[in-house]
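Here are the chains, one letter per residue:
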Amino acid sequence: MGAGSLTDWDSGLRKPKKKIVTGDARDTGLAANSADLVVTSPPYWQKRDYGHDDQIGQESTPQGYVSALMDCLHEWKRVLRPTGSVFLNVGDTYYKKSLVGIPGRIEAAAVDNGWLIRNRIIWTKDGGMPEPAKNRLANRHEYVIHLAPKQSYYYDLHEYAETYGNGANPGDVWHINPERNMSAHLAPYPQELVRRAVLLGCPPQVCNSCGSPRTRALERTRILDPNRPQARRAMELAAEAGLSDDHIRAIQATGVSDVGKATKFQSGTGRNSKTVQALAAEAKEVLGGYFREFTFAKKVTTGWTDCGHCTPSRGVVLDPFVGTGTTLNVAVSLGRDAVGVDLVPMVDQQKPLVVK
Ligand SMILES: C[S@@+](CC[C@H](N)C(=O)[O-])C[C@H]1O[C@@H](n2cnc3c(N)ncnc32)[C@H](O)[C@@H]1O
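Residues numbered from 1 in each chain as written. Predicted model: local features only at pLDDT ≥ 70, side-chain atom pairs only at ≥ 80, totals over all residues. Heavy atoms only, no water.

Brief notes about the packing of aromatic side chains
Okay, so step 1: The full count for this structure, using the stated rule, is five aromatic pairs.
Okay, so step 2: When the ring of Y153 is compared with that of Y155, the centres are 5.8 Å apart and the planes differ by 85 degrees; the resulting orientation is edge-to-face.
Okay, so step 3: With relative accessibility at 32%, the residue Y155 sits in the partly exposed group.
Okay, so step 4: Taking the centre distance of 6.4 Å and the plane angle of 25 degrees together, the rings of Y160 and W174 count as stacked. Taken together, the residues span a long stretch of sequence, with Y160 in helix α4 (residues 157-164) and W174 in strand β10 (residues 173-175) at a distance of 14 residues.
Okay, so step 5: Classification of W174 as buried rests on a relative accessible area of 1%.
Okay, so step 6: Seen from the ring of Y94, R136 lies directly overhead, with NZ or CZ sitting 3.7 Å from the centre.
Okay, so step 7: Between the NZ or CZ atom of R196 and the centre of the ring of Y164, over which it lies, the distance is 4.3 Å. (Phe/Tyr/Trp six-rings, centres within 6.5 Å; stacked < 30°, edge-to-face > 60°. Buried < 20%, exposed > 50% of the residue type's maximum accessible area, 1.4 Å probe, protein only. Helix = DSSP H or I, 4+ residues; strand = E, 2+ residues; numbered from the N terminus. Lys NZ or Arg CZ within 6 Å of the ring centre and 35° of its normal.)

A closer look at the confidence of the model for the protein
Okay, so step 1: Here the protein shows a mean pLDDT of 89. Residues at 70 or above account for 89%.
Okay, so step 2: Segment residues 258-263: pLDDT under 50, and 13 contacts once partners within four positions in sequence are set aside and those in other chains are kept.
Okay, so step 3: This model gives residues 348-356 a pLDDT under 50, and the stretch forms 19 contacts once residues within four places in sequence are excluded. (pLDDT = per-residue confidence, 0-100. Contact = heavy atoms within 4.5 Å.)

Re helix α10 (residues 326-333)
Okay, so step 1: When we look at burial in α10, the residues that qualify are T326, T327, L328, V330 and A331.
Okay, so step 2: Residues of α10 that are buried in the fold lie against β2 (18-22), β3 (35-40), α5 (191-201), β15 (316-319) and β16 (337-342).
Okay, so step 3: Of the residues one or two after α10, G335 is the one with positive phi, at around 80 degrees.

Printed below as a string of structure tokens:
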């Protein structure tokens, strides 16, 4: 597999497109291996009545609800390519004065069915609907569970960290306020939530022949975060001593342990490991403890993998509870194709719903 730019393939791509199918999330009728990511929000247990015999959410027990969602996951696994994953937005429900623990029940059942729970993201928000209870706090968060059928799912943490600017290790709490156009009875979720999930989990391009997503090739630079005092000091020391790019690369190759990845560096430059270690030792002498800063310097994209088949298509986002179509709109705006499924075509959702 080689590497190239995204534009190598862009020329052969048509505009991103949306498709909406009327159907059941448990039996979508979509082709196997036809989507790269599911981003969706099912009806929450015992909340809104969508007035359809096959709807999910009105089961009499939490067990019945979780079982219906497991049928959904089974179907989505079939529709997803092997590199796919699912971002599932769910909330909990108070029943007979107690939280039922819906998100935890979904996670436990999914793990029992062979899924990997990669994250339980907490979506926090300010404001929200007033709640009448006087002996508990108002609920101001929901969950976005990230599930994968296999370990080898596509994930672009680099793009996410660049977009949201929160360093190399962004956290699992998303603060996203509801959008002004979010009508309570249609229950759309915020575009921002979908955007984060798509950037993380849906490849911009996939090969039509073999189905492999193009993934980002990254290389470490010597650029450090100027907001960190230790990083600024490390850069000053390196500049004062005139450390070369080879010195910095030697530090990055040997790492903290002094042996670590030296072989990788060696093959990349043709230098032998003795030279690499000597360069690293020189650099460490100058930098003291600050050398560590260069082992987590900023990475840049050098290209995108290319499977060699050159039959481009866009990554595909599926929302099997598509509602008003938030997911599809965001996916298309990010250059992905999008497919939505819903029992009730969007136009019918303008009628008032029974909200419990
Ligand atoms: C919470 S809403 C989704 C809102 C959507 N995220 C948006 O931004 O508009 C849930 C949707 O699931 C649909 N639905 C309920 N049961 C379903 C089923 N078994 N299969 C497919 N869709 C279903 C409802 O018609 C409703 O549109």
